[in-house]
Amino acid sequence: MLDTQTVLNVLRPVQDPELQKSLVELNMIRNVRVDGSKVSFTLVLTTPACPLREFIVEDCQKAVKQLPGIETVDVDVTAETPQQKSLPDRQSVPGIRNIIAVSSGKGGVGKSSVAVNLAVALAQAGSRVGLLDADIYGPNAPGMLGLDGAKVTVRNGAQGEVLEPAFNYGVKLVSMGFLIDPDQPVIWRGPMLNGIIRQFLYQVEWGELDYLIVDMPPGTGDAQLTLAQAVPMSGAVIVTTPQSVALADARRGLMMFRQLGAQVLGIVENMSYFIPPDQPDRQYDLFGSGGGEKTARELDVPLLGCIPLEIALREGGDRGTPIVLADPDSASAQALTEIAGRVAARVSVVALT
Ligand SMILES: Nc1ncnc2c1ncn2[C@@H]1O[C@H](COP(=O)(O)OP(=O)(O)OP(=O)(O)O)[C@@H](O)[C@H]1O
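Residues numbered from 1 in each chain as written. Predicted model: local features only at pLDDT ≥ 70, side-chain atom pairs only at ≥ 80, totals over all residues.

Under the convention used in this document: UniProt positions are given in the numbering used here, feature names are shortened, and annotations may be inferred rather than shown by experiment.
An unreviewed UniProt entry lists the protein under the name Iron-sulfur cluster carrier protein, with Rubidibacter lacunae KORDI 51-2 given as the organism. According to its UniProt record, the protein has this under Function (unreviewed entry): "Binds and transfers iron-sulfur (Fe-S) clusters to target apoproteins. Can hydrolyze ATP."

**Some details on the site of the ligand**
Applied cut-off: Should the C-beta atom of a residue, placed from the backbone, lie within 6 Å of a molecule or strand, that residue is near it. A run of DSSP states H or I qualifies as a helix once it reaches four residues; a run of E qualifies as a strand once it reaches two. Both are numbered from the N-terminal end. Polar here means any residue other than Ala, Val, Leu, Ile, Met, Phe, Trp, Tyr, Cys and Pro, which are nonpolar, and Asp, Glu, Lys and Arg, which are charged; Gly is therefore polar.
For the ligand, the set of nearby residues contains 21 residues, the closest of which are Gly107, Gly110, Lys111, Ser112 and Ser113. Mapped onto the shell around the ligand, the elements with two or more residues apiece are α3 (111–124), β14 (263–274), β15 (303–309) and α11 (311–319). Across the shell around the ligand, the residue classes break down as six nonpolar, eleven polar and four charged.

**Notes on the pairing of strand β5 (residues 72–79)**
Rule in force here: Paired strands are those between which DSSP finds at least two bridges. Handedness rule for crossovers: strands pointing away from the viewer, path from the first strand over the helix to the second running clockwise, crossover right-handed.
Both strand β4 (residues 38–45) and β5 contribute to a ladder of eight bridges, which runs parallel. Bridging across to β5, Val44 finds its partner in Thr78. With helix α2 (residues 53–65) bridging β4 and the parallel β5, this β-α-β connection has right-handed handedness.

**Observations regarding the UniProt feature "binding site: ATP" (unreviewed entry) in the protein**
Rules: Exposure is read from a count of other C-beta atoms within 10 Å of each residue's own; the residue is exposed at 12 or fewer, buried at 20 or more and partly exposed in between. C-beta atoms are placed from the backbone. This entry defines residue contacts through backbone-placed C-beta atoms, with two residues in contact when those atoms are within 7 Å.
Within this numbering scheme, the UniProt entry marks Gly105, Lys106, Gly107, Gly108, Val109, Gly110, Lys111 and Ser112 as carrying the feature "binding site: ATP" (unreviewed entry). Mapping Gly107 onto the fold places it in the loop between β6 (99–104) and α3. Gly107 sits in the partly exposed class, given 14 other C-beta atoms within 10 Å. For Lys111, the location among the structural elements is in helix α3. Other than its neighbours up to four places away in sequence, Lys111 contacts Val102, Ser103, Ser104, Asp215, Pro218 and Val239.

**Focus: helix α9 (residues 244–259)**
Heads up, the condition is: Any helix carries an expected span of 1.5 Å times its number of residues minus one.
End to end, α9 covers 23 Å across 16 residues, agreeing with the expected 22 Å (1.5 Å per residue, within 8%). Within α9, the full set of buried residues consists of Ala246, Leu247, Asp249, Ala250, Gly253, Leu254, Met256 and Phe257. Residues of α9 that are buried sit in contact with β6, α8 (222–230), β13 (235–240), β14 and α10 (291–299). Residue Gly261 follows α9 closely and has a positive phi angle near 80°.

**Notes on the nonpolar core**
Generally speaking, nonpolar side chains in soluble globular proteins are found buried as a group. In plain terms, the rule: Defined on buried residues, the nonpolar core groups Ala, Val, Leu, Ile, Met, Phe, Trp, Tyr and Cys residues joined through C-beta atoms within 7 Å. Boundaries of every domain are those given by an automatic assignment or by a domain database.
Counting residues in hydrophobic clusters, the biggest one holds 97 residues, and the most contacted among them are Ile100, Val102, Leu118, Ala119, Leu122, Ile213 and Val214. Ranked by the residues each element gives to this core, the list is headed by helix α13 (residues 331–352), at ten residues. Two domains each put at least three residues into this core: domain 1 (4–79) and domain 2 (99–352).

**Describing the domain arrangement of the protein**
Under the domain assignment, the protein is made up of domain 1 (4–79) and domain 2 (99–352). On the domain 2 side, the residues contacting the eight residues of domain 1 number 13 residues. Split by residue class, the side of domain 1 that touches domain 2 holds five nonpolar, two polar and one charged.

Now the structure itself:
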C-alpha cells in the first residue's frame, strides 16, 4: 500500500512553471490521500486566474500515475493569493494582498478600459478584487463599470469615519469622481491627491482583497509621482499603443516606477490592430506594429499582451458592461482575459521570489 510520502516524493520534481520551484516545496500540494488505486490531493495555486492551471494539473497527474497500481488521480484545485512583499517606508493596507497600478505615459491610450476589464476578469476567475480610480483628469471607471452616479457611503466605524465602496460585477469601486467636483480645474485637484489617496487606501472598507487595481492618472508629472509614492504597490502595468510617441511616453512611465523601486509587471499594447466588424478575419495595423514588443524587449520587461481595436470594446465601456462580460469571445475580451492571467502570474512571481 502506498503512503502519502511516496506520492509527495513523485510530485516533488513537478514545478510551478512561473515560479520555477517545486510545487511540494511551495506547499501547493495538500491533503494527499491514497485509497486503493486512487490518489487525491488539493493543488493550491497562487491565483484563481492562473493561466497554466490545466497544464499544472496534467503534470501532477502524469507524475502520480507513474506509481504502480494507481489508476485515478483526483486533483481538487483551489487558490491562495500570496501577500505582496512589505516595502520600506510604505504602510501596507490591512486586508489587501496586492496593489497593482495601471498606468500610461499619455492620455487616451485605453488605460481605464484595461484597468476595468482587468479587474472584472480577475473577479470572474474567482479573485476578490477592488478598483481604485485615481485618475484626477478623467475618472471614468464608474461609467465603464456600470456605476455612473454611484457614491461611496460614509459610515461611522470603530476607527472613525469609513467609506463603503460601490460594487458591481464582483468588483468594489471607489473613484476620484465620487469626491471631486468635475467643474473644478484639474490644477486644483493635484494637491488634494495625497490626502484623498490615503483616505481611499486606509479609510475604505475594502475588506479582504486579493488584488486592488489602481487606475492611475496618465503621464509622469507631480500628481503621478505623489500617487506612485503614496501607494504601496506590488507592481505596475504600463498601457501603450504601438505608435512611437506613445511608446516614448511608456518608457518614461516605466522609468518613473523603476526609480521609485516599484516592479514593472509588464507592458500592454492596446489598439494593436483594427478588426473590421464585417470582416473579422482581416486586421489593419492602424498605429504601426511591433512597437510594444520592441519596447518590452529593450526595457527587459514582459509584453503582457496586445489588444485589438474593436468597436464592441468601446461600446461596452460606454454602456457600462465591460467587454470581458459583454462579449467574452471577442478578440479584445480574450486578449484582456489572457492579460489578466499573466498579470496575476507575475504578481505571484514578484511576491514569492
Ligand atoms: N481596444 C480598443 N478598442 C476600441 N475602443 C477602445 C479601445 N481601447 C480604448 N478604447 C476607447 O477609447 C477611449 C479612451 O479609452 P480609455 O478611457 O480607456 O483611455 P485612457 O487612457 O484611460 O484615457 P484617459 O487618459 O482619458 O484616462 C474610450 O472611449 C474607450 O472605449
